[in-house]
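Below, each chain spelled out in residue letters.
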Amino acid sequence: MARAENKETAGPATRLVADIARQMRVRKKLTQEQLGSELGFSGAAVSAMETCAQPASDDMLVQLERVLGDGLGIFDQAREYVRLDKYPEQFKDYVLLEQKAVGLQLYATLVVHGLFQTEEYARALIGGGYPPLSEQRVEELVEVRMARKALFDREPTALIELILEESILRRPIGNQGIMRRQLHHLVECGRRRNVTLQVLPLDCGLSGEHAGDRGDMNLIETPSHDHLVFLEIQGESLLVSDPAKVSTFAQRYAKIRAQALGPRESLGLIEQLAGDQE
C-alpha cells in the first residue's frame, strides 16, 4: 500500500529509479496506465513508484528493465541499490559487508538468524514485532531479507558458520507448521558444503561455563581478510573493527563453538524437534 510519508523518507536509489523511469516513460510517450499494462501492474502502482509513495519492488524493476531498459541494464543494476534503501538504517552497513564476506561466524540467541529464515517465518517474526509495521513495510523487509540468501550460492563461495541456542528451536514463531518448515530448512542449510550449523544446548551452563551469555554476534571476514564484528540489539547496532576487541569476540565465539553440539549431532536434534512439531 502506497503511503504519502514514503515520499519524504525514500532513499537516493529509490528516488533515482523513480526519476529515470518517469523520464523514459515520457520519452516513449506512454501514460502511467499504459506502462502499468505492459509491466503487469496497475497505473496507480506506476504512479506510486514514480512519486516514491511506494518503492519499486524487485519484480517491478525486472519488468521495468524489460519494457523501458533498452538493453542498458539500468533497472537490473538498480535492484541491489533499491533493496539497500529498504533495509533499516542500522543494518545497511552490515548487509553490504555480508554480501561480500568470504567468511561469516554467526551466533544467535533469540530467533533464527535472518540469513537462515524461511519467508513465512520471517513474515511472522517481522509482522509480529513492535512497534507494529504497515503491511507494505513488512513485505519490503521480508523481500530484502530473502534476497540476502543469494550469499549461499555466490561465487566465490562464502564459508558460513551458525551456532543457534537450542531455545530458538523450541520457540514457535507464527504457528507450528511454520516452525516445522523452518526447522526442516535449517537442516537443508546445514547440509550445504559451505555451511556448518551447530546447536548450543540448553544445559550447557551446567558445566559451570556459558560463553554465549552476552548475546548475538556476527563475525565477518572481508575479501581483503580484515576481521570485523557486528552487534545488533533493540534496533541499535555497533560495528567493531579494533583488532584487540575483534580478537576477544573471536575467542569467545571459539569457546561457544566448543560448548555446542557437533554438526552431525546438531542436525539430528533439529530433525528430532521437527518431528515433534505436529
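See the structure printed just above.
Residues numbered from 1 in each chain as written. Predicted model: local features only at pLDDT ≥ 70, side-chain atom pairs only at ≥ 80, totals over all residues. Heavy atoms only, no water.

Colleague: What's the story with the sheet that holds strand S4 (residues 217-221) in this structure? I'm lost.
Modeller: The strands that make up a sheet are held in pairs by hydrogen bonds between backbone atoms, and each pair lies either parallel or antiparallel. If you walk across this open sheet you meet the 6 strands as S3-S2-S1-S4-S5-S6, and the pairing is mixed. Two strands lie at the open edges of the sheet, namely strand S3 (195-200) and strand S6 (236-240), each paired on one side alone. Each strand of the sheet is rotated relative to its neighbour by a mean of 15 degrees, with strand direction disregarded. Sheet analysis places S4 next to strand S5 (residues 227-233), joined by 4 bridges and oriented antiparallel. The residue bridging Ile220 from the neighbouring strand is Leu228, located in S5. (Pairing = 2+ DSSP bridges. Helix = DSSP H or I, 4+ residues; strand = E, 2+ residues; numbered from the N terminus. Axes fitted to C-alpha atoms, helices over the stretch in contact; angles between N-to-C directions.)

Colleague: Just to check I follow, could you spell out the pattern of salt bridges for this structure?
Modeller: Once the charged atoms of two side chains with opposite charge are near each other, the side chains can pair. Counted under the stated rule, the structure contains 18 salt bridges. Ionic pairing is found between Glu140 and Arg137, a salt bridge with its closest N-O pair at 3.1 Å. Taken together, the positions of Glu140 and Arg137, both in helix H9 (residues 135-147) and 3 residues apart, correspond to about one turn of that helix. On the accessibility criterion, Arg137 (23% relative accessible area) is partly exposed. When salt bridges that share partners are traced, they join Arg27, Lys28 and Asp70 into one network. (Salt bridge = Lys/Arg side-chain N within 4 Å of Asp/Glu carboxyl O. Buried < 20%, exposed > 50% of the residue type's maximum accessible area, 1.4 Å probe, protein only.)

Colleague: Where do I start with helix H6 (residues 74-86) in this structure?
Modeller: Helix length check: H6, at 13 residues, gives a terminal C-alpha distance of 19 Å against a target of 18 Å (1.5 Å per residue), a fit within 8%. Most pronounced at Glu80, the bend in H6 amounts to some 30 degrees. Turning to H6, its buried residues number three or more, namely Phe75, Ala78, Val82, Leu84, Asp85 and Lys86. Summarising the contacts, the buried residues of H6 are in contact with helix H2 (12-27), helix H5 (58-68), helix H7 (92-100) and H9. (Expected span 1.5 Å × (residues − 1). Bend = angle between axes of the 7 residues up to and from the residue. Contact = heavy atoms within 4.5 Å.)

Colleague: How do you make sense of H9 when you look at a structure like this?
Modeller: Given 3.6 residues per turn, any residue in an α-helix points the same way as the ones three and four places further on. With 13 residues, H9 extends 18 Å from end C-alpha to end C-alpha; this agrees with the ideal 18 Å at 1.5 Å per step. Those residues of H9 that fall on the buried side of the exposure criterion are Gln136, Val138, Glu140, Leu141, Val142, Val144 and Met146.

Colleague: Which parts of the structure should I look at to understand the packing of aromatic side chains?
Modeller: Think of a pair of aromatic rings as described by two things: how far the centres are apart, and how the planes are tilted against each other in angle. Using the criterion set out here, one finds 5 aromatic pairs in the structure. Summarising the aromatic geometry, the rings of Phe91 and Phe230 are spaced 6.0 Å apart at their centres and angled 80 degrees between planes, so their arrangement reads as edge-to-face. With Phe91 in the loop between H6 and H7 and Phe230 in strand S5, the pair connects residues that are 139 residues apart, well separated along the chain. For the pair Phe116 and Phe152, a centre-to-centre distance of 5.2 Å together with 85 degrees between the ring planes defines the contact as edge-to-face. Here the residue Phe116 occupies a position in the loop between strand S1 (103-108) and helix H8 (119-127), and Phe152 occupies one in the loop between H9 and strand S2 (159-165), the gap between them amounting to 36 residues. An aromatic cluster of three or more residues is present, and its members are Tyr87, Phe91, Tyr94 and Phe230. (Phe/Tyr/Trp six-rings, centres within 6.5 Å; stacked < 30°, edge-to-face > 60°.)

Colleague: When you look at the pairing of S3 in this model, what are you seeing that I'm missing?
Modeller: The side chains of a regular strand alternate between both faces of the sheet. Taken across its 6 residues, S3 has 5 buried, putting it largely inside the fold. In this structure, S2 lies alongside S3, joined through 6 bridges in parallel fashion. Across the sheet, Glu165 pairs through a bridge with Leu200, a residue of S3.

Colleague: For this particular structure, what's the right way to read the side chain of Arg25?
Modeller: By secondary structure assignment, the location of Arg25 is in helix H2. Looking at Arg25, its side chain comes within polar contact range of the main-chain oxygen of Leu30, at 2.8 Å. Here Glu50 takes part through its side chain, which lies 2.7 Å from a polar atom of the side chain of Arg25. If near-sequence neighbours (up to four positions away) are discounted, Arg25 is found in contact with Leu30, Thr31, Gln32, Leu35, Glu50 and Leu68. (Polar contact = N/O pair within 3.5 Å; in protein donor to acceptor, adjacent residues only side chain to side chain.)

Colleague: Looking at this structure, how should I read the environment of Gly71?
Modeller: Along the polypeptide, Gly71 turns up in the loop between H5 and H6. Exposure remark for Gly71: the relative accessible area of 76% places this residue in the exposed category. Considered as a pair, Gly71 and Gln234 are 163 residues apart in the sequence and their alpha carbons are 44 Å apart.

Colleague: Looking at this model, I keep getting lost on the packing of H6 against H7. Mind explaining?
Modeller: Two numbers describe how H6 lies on H7: the axes approach to 9 Å, and their chain directions differ by 140 degrees. When the axis of H6 is compared with that of H7, the two are oblique. Of the two possible hands of crossing, H6 and H7 adopt the one that is right-handed. Contact with H6, carried on its side by Glu80, Leu84 and Asp85, involves Lys92, Val95, Leu96, Gln99 and Lys100 of H7 and no other residues of that element. Taken together, the residues of the contact of H6 with H7 sort by class into 3 nonpolar, 1 polar and 4 charged. (Parallel < 35°, antiparallel > 145°, perpendicular 65-115°, else oblique. Left-handed = near helix turned anticlockwise from the far one by under 90°. Nonpolar A, V, L, I, M, F, W, Y, C, P; charged D, E, K, R; others polar.)

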